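Architecture and fold: a report
In case you want the letters, here they are:
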Amino acid sequence: MIDTNTIQNILETARIDEVVGDFVTLKKRGANLLGLCPFHNEKTPSFTVSPRLGIYKCFGCGKGGNAVNFVMEHEHFSYPEALKYLARKYNIEIQEEEQTPEQVQALNEQESLYHVSDFAARYFADNLYNHGQGRAIGLTYFKERGFRDDIIKKFMLGYAIDEWTNFTDHAIANGYDKKYLESTGLTIVKEDKMYDRFRGRVIFPIQNISGRVLGFGGRTLSVDKKTPKYVNSPESEIYHKSNVLYGINHARTAIIGSDNCFLVEGYTDVISLHQAGIINVVASSGTSLTTEQIKLIKRYTRNITILFDGDSAGIKAAFRGIDMVLEEGLDVKIVLFPEGDDPDSFARKHRSSEVEDFLHKNAVNFIFFKTRLLLDETNGDPLKKAALIGEIVQSIALIPDKIVQSLYLKECSAILHMEETTLMNELNKIRRRNYDRKIKEQAAVAPEKVLVPPKPEPTESTEFDFFSTEYQEKDIIRLLMRYPQHVLTFEVKTDKEVQTYEFPVASYIVNDLRRDELHFRNPIFQKVFDTAAAAIDADTIPDETFFLYNPDKEISALAATMLTSRYELNDWSRVKIVVKNEADRLPMAVTHALLSMKLRVLEKKFDEMLASLKQAPDSEIMPLMSQQRKLQQKIERIAQELQRIVLR
Ligand SMILES: [Zn+2]
């Protein structure tokens with residue numbers, strides 16, 4: 001946990017123009033900066049950055065927020081990841097909040113594993129250039145594969161010396177604990193003996209998104225058939241194979257940029273393509289594709305292109321894994337390499353532009369690919385064709401988006417020369433079957449749980465809520481965030497004198513709503529209100545930056561929206577007029593907003609009372625009616641007050 005002071009420090013130090021400027025070319029326009037929005041496609045810039053307010057706002061797609069929001073949105077970081085990124089950029093030391101001894105212990109354990117893994121990666125990499133055996137065997141191998149030095153260094157490739165305890169001895173001499181050498185799997189301990197897991201192998205370190213080394217793959221260079229080709233680090237506290245994609249740390253930004261991720265099989269496929277300038281490429285490295293890996297890709301793009309080498313048997317074996325990708329709602333394309341080539345060898349034999357061209361031209365939609373492949377195998381046999389339909393529709397049924405589903409049905413029925421309705425019937429059968437299966441699975445997991453029937457498809461028209469206070473709530477929150485410290489002056493005439501009361505807007509709103517015990521129905525608005533109320537209770541009146549730089553990211557994002565309008569950001573001379581007008585009328589605006597919300601709430605209450613009156617037993621009718629009358633009077637009073645404000 002990063003403590004609140006550090007968060008505050010980061011938010012205050014980070015300059016929005018610098019943070020955005022790392023990713024977007026910005027041009028000065030008045031007090032603001034303007035550029036092309038990185039979040040939607042546009043030709044004329046409508047993406048505005050206001051250094052004064054410390055926020056960005058796109059008038060095309062509506063995205064906006066402070067520096068942290070930008071980094072989260074653009075880099076697909078979590079909130080803590082975004083804060084850490086900014087802290088690094090501005091050299092701010094992160095003060096982590098105090099943790100329990102157990103948390104510290106667990107963190108220290110993990111950190112120790114990272115340390116020893118990093119140490120090992122650097123040692124193996126050093127061997128490659130600075131050790132006789134490393135140079136003669138390891139480096140020669142990589143050079144024969146055509147890897148350039150900069151690529152070798154970028155991927156931290158290395159070599160493990162062919163001795164029993166070379167690495168273990170070196171690590172222990174450097175003060176590394178035997179315990180961590182064992183738990184990372186770098187050292188194998190049997191009875192009292194220790195020896196290196198990786199011996200006489202070239203080393204591929206496996207890194208996470210931020211580049212930390214988690215584990216290793218070691219490839220043998222021996223021709224001996226009994227030696228396994230690859231030895232890999234075992235699962236550890238930091239290395240969970242199913243969560244990791246090889247190359248993701250280098251590919252991340254390119255995947256976002258190209259909105260596509262190439263998926264290959266091996267380490268060398270990733271490296272060769274990378275060297276050929278195809279950067280948006282990762283490998284599932286050793287494991288068959290897992291849901292976690294698919295979700296990791298989905299953070300950056302919805303498009304996967306899987307590169308295949310080999311025969312149709314191998315590809316058919318991969319169909320199951322690809323169905324999982326469809327199920328996650330991603331769009332899958334397939335590229336099949338020519339006979340005898342894999343991505344690695346192909347990339348080595350061709351120029352970068354040729355590789356790019358080949359991938360572009362040969363990417364085929366997976367559903368169509370599967371349909372054609374299976375259709376070829378039926379040889380016109382009608383029985384086989386019937387089975388094929390089942391298989392194709394099985395894949396289509398997994399796609400969550402119904403519109404995409406129906407597009408596929410149409411296209412596949414054309415490929416198969418069949419009526420679309422035939423496929424549709426099959427699809428409905430499979431849906432039914434999948435549903436029954438899910439129910440059975442649920443029943444097996446939680447027998448006591450009552451099974452809920454599937455939700456009806458959402459209908460187009462949502463019921464209109466006559467008593468919604470959304471608009472009124474929003475208006476109050478806007479005034480609260482925009483003019484928290486503006487002073488409202490009220491004059492109250494008594495018999496003898498005129499008394500003047502002054503309140504800052506924030507205190508006035510908080511007191512007024514608290515007095516009537518009113519709550520916001522929108523939970524984010526309520527959160528803003530509670531946060532402001534807490535500050536006021538602690539004797540501080542919030543200012544504009546209190547909301548804009550609030551550590552709660554929902555609050556800061558909302559503030560960015562509330563504090564901007566097209567006029568304000570685009571034309572500062574108009575700002576003054578707009579703001580001045582509303583600021584002048586502020587006492588009126590605030591009272592109006594508060595009364596409007598109250599009116600709505602009371603009207604709803606009145607409506608509910610009317611409903612209960614209809615069902616009430618005779619004995620309760622009188623008291624209810626008297627309550628209702630009082631309520632009606634109250635409503636009329638507020639309505640009159642509102643009218644006075646409007647007429648003034
Ligand atoms: Zn935009």
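Residues numbered from 1 in each chain as written. Predicted model: local features only at pLDDT ≥ 70, side-chain atom pairs only at ≥ 80, totals over all residues. Heavy atoms only, no water.

**So, the overall build of the protein chain**
- When you go through the protein chain residue by residue, the secondary structure sums to 28 helices and 18 strands.
- By the compact-globule yardstick of 26 Å for 648 residues, the protein chain is too spread out, its C-alpha radius of gyration being 32 Å.
- In the protein chain, which comprises 648 residues, the share counted as buried stands at 44%.
- Counting contacts in the protein chain only where the partners sit at least 6 residues apart, residues at least 24 apart contribute 65% of the total.
- Carbon and sulfur atoms make up 52% of the accessible area of the protein chain, which totals about 35600 Å².
- Between the centroid of the 84 positive side chains of the protein chain and the centroid of its 93 negative side chains there is a distance of 3 Å. (Helix = DSSP H or I, 4+ residues; strand = E, 2+ residues; numbered from the N terminus. Rg over C-alpha atoms; globule rule 2.2 N^0.38 Å. Buried < 20%, exposed > 50% of the residue type's maximum accessible area, 1.4 Å probe, protein only. Contact = heavy atoms within 4.5 Å. Areas by Shrake-Rupley, 256 points an atom, 1.4 Å probe, with all protein chains shown as cover. Lys, Arg positive; Asp, Glu negative; His and termini not counted. Charge placed at Lys NZ, Arg CZ, Asp CG, Glu CD.)

**Overview of the nonpolar core**
- Of all hydrophobic cores here, the largest spans 69 residues; its most connected members are F47, L86, I477, M481, I509 and V590.
- Split by domain, the residues of this core number at least three in each of domain 1 (4-89) and domain 4 (470-647).
- With 57 residues, the next largest nonpolar core counts V116, F262, V264 and V335 among its residues. (Core = buried A, V, L, I, M, F, W, Y, C linked by side-chain atoms within 4.5 Å. Domains from an automatic or database assignment.)

**Things to note about the coordination of the zinc ion**
- Looking at the zinc ion, the protein donor atoms are C37 (SG), H40 (ND1), C58 (SG) and C61 (SG), and they sit 2.1 to 2.3 Å from it.
- For the zinc ion, the four donor atoms in the first shell make angles of 102 to 118° at the metal, a pattern classed as tetrahedral. (Donors = N, O, S within 2.8 Å, 3.2 Å for Na, K, Ca; no water. Tetrahedral: all angles 85-135°; square planar, octahedral: opposite > 155°, others 65-115°.)

**Regarding the pairing of strand β12 (residues 261-264)**
- Of the two faces of β12, the one carrying C261 and L263 and the one carrying F262 and V264 are both buried.
- The sheet contact formed by β12 and strand β14 (residues 303-308) spans three bridges and is parallel. Note on β14: the bridge partner recorded for C261 is I304.
- Pairing geometry for β12 and strand β13 (residues 281-283), over three bridges, is parallel. From the neighbouring strand, L263 faces β13, where its bridge partner is V282. (Pairing = 2+ DSSP bridges.)

**Quick notes on the packing of helix α22 (residues 523-537) against helix α24 (residues 553-562)**
- Contact geometry for α22 and α24: axes closest at 10 Å, N-to-C directions at 100°. Judged on the interaxial angle alone, α24 and α22 are roughly perpendicular. Judged by residue contacts, I524, F525, K527, V528 and T531 of α22 engage E554, I555, L558 and M562 from α24.
- When its residues are assigned to classes, the contact of α22 with α24 shows six nonpolar, one polar and two charged. (Axes fitted to C-alpha atoms, helices over the stretch in contact; angles between N-to-C directions. Parallel < 35°, antiparallel > 145°, perpendicular 65-115°, else oblique. Nonpolar A, V, L, I, M, F, W, Y, C, P; charged D, E, K, R; others polar.)

**Details of the packing of aromatic side chains**
- The tally for this structure, following the rule as stated, stands at 31 aromatic pairs.
- Consider the rings of F142 and F204, whose centres lie 5.9 Å apart with planes at 85°: the pair is edge-to-face. In this pair, F142 is assigned in helix α6 (residues 132-144) and F204 in strand β9 (residues 201-207), connecting sequence segments 62 residues apart.
- For F204, a relative accessible area of 0% translates into the label buried.
- With a centroid separation of 5.6 Å and 70° between ring planes, the pair formed by F368 and Y408 is classed as edge-to-face. Placement of F368 in helix α16 (residues 366-378) and of Y408 in helix α18 (residues 402-416) is noted, with a sequence separation of 40 residues between them.
- Assessed through its relative accessible area of 19%, F368 is described here as buried.
- Look at Y408 and you get buried, because its relative accessible area is 8%.
- Through a chain of ring-to-ring contacts, three or more aromatic side chains come together here, namely Y141, F142, F147, F155, F204, Y230, Y246 and Y267.
- Of note, K153 hangs over the ring of Y129, and the distance from its end group to the ring centre comes to 4.6 Å. (Phe/Tyr/Trp six-rings, centres within 6.5 Å; stacked < 30°, edge-to-face > 60°. Lys NZ or Arg CZ within 6 Å of the ring centre and 35° of its normal.)

**Section: the pattern of salt bridges**
- Scanning the model with the defined rule gives 28 salt bridges in all.
- A salt bridge links K604 to E608; the nearest nitrogen and oxygen atoms lie 3.4 Å apart. One end of the pair, K604, and the other, E608, are both in helix α27 (residues 586-615), four residues apart, so they sit about a helical turn from each other.
- Residue classification places K604 among the partly exposed positions, given a relative accessible area of 30%.
- Salt bridges here are not isolated pairs; linked through shared partners, they connect D512, R515, D516 and K598. (Salt bridge = Lys/Arg side-chain N within 4 Å of Asp/Glu carboxyl O.)

**Some points on the sheet that holds strand β6 (residues 158-160)**
- Taken in spatial order, the four strands make up an open sheet running β6-β9-β10-β11, and their pairing is antiparallel. With one partner strand each, in any of the chains shown, β6 and β11 (230-232) form the two edges of the open sheet. Neighbour to neighbour, the strand axes of the sheet diverge by 35° on average, direction disregarded.
- Bridging between β6 and β9 involves three bridges; their strand directions are antiparallel. From the neighbouring strand, A160 faces β9, where its bridge partner is R201.
- On top of the sheet, α6 reaches β6, β9 and β10 (213-220); it is set at about 135° to β6, its chief contact.

**Describing the sheet that holds strand β5 (residues 64-65)**
- The strand order β1-β2-β3-β4-β5 describes an open sheet built from five strands, whose pairing is antiparallel. The sheet is open, and its two borders are formed by β1 (27-29) and β5, each paired with just one other strand.
- Bridge count between strand β3 (residues 47-50) and strand β4 (residues 55-58): four bridges; the pairing is antiparallel. Residue V49 lies in a different strand from β4, and its bridge partner there is Y56.

**Some details on the domain arrangement of the protein chain**
- Each domain of the protein chain was delimited in the assignment, giving domain 1 (4-89), domain 2 (102-239), domain 3 (248-439) and domain 4 (470-647).
- At the interface, 20 residues of domain 1 touch 19 residues of domain 4.
- For the pair domain 1 and domain 4, the two sides together bury roughly 1700 Å², of which 63% comes from carbon and sulfur.
- Connecting domain 1 to domain 4 are zero salt bridges.
- If you look at where domain 1 meets domain 4, you find three residue pairs in polar contact (both at pLDDT 80 or more).
- Per element, the largest residue contribution to the side of domain 1 that touches domain 4 is five residues, and it comes from helix α1 (residues 4-13).
- Of the residues that constitute the side of domain 1 that touches domain 4, the class distribution is eight nonpolar, 10 polar and two charged. (Buried area = accessible area lost by both parts, 1.4 Å probe. Polar contact = N/O pair within 3.5 Å; in protein donor to acceptor, adjacent residues only side chain to side chain.)

**Topic: α1**
- Buried within α1 are the following residues: T6, I7, I10 and L11. What you see down the axis of α1 is that its buried residues fit within an arc of 135°, all on one side. Away from the buried face of α1 by more than 90 degrees, exposed residues N5 and E12 are located.
- Where α1 is buried, its residues contact α3 (67-75) and α4 (79-89). (Arc of directions from axis to C-beta.)

**So, the pairing of β3**
- Taking every second residue as pointing to the same face, both faces of β3 are buried, with F47 and V49 on one and T48 and S50 on the other.
- Sheet analysis places strand β2 (residues 32-35) next to β3, joined by three bridges and oriented antiparallel. Paired with L34 across the bridge in β3 is T48.

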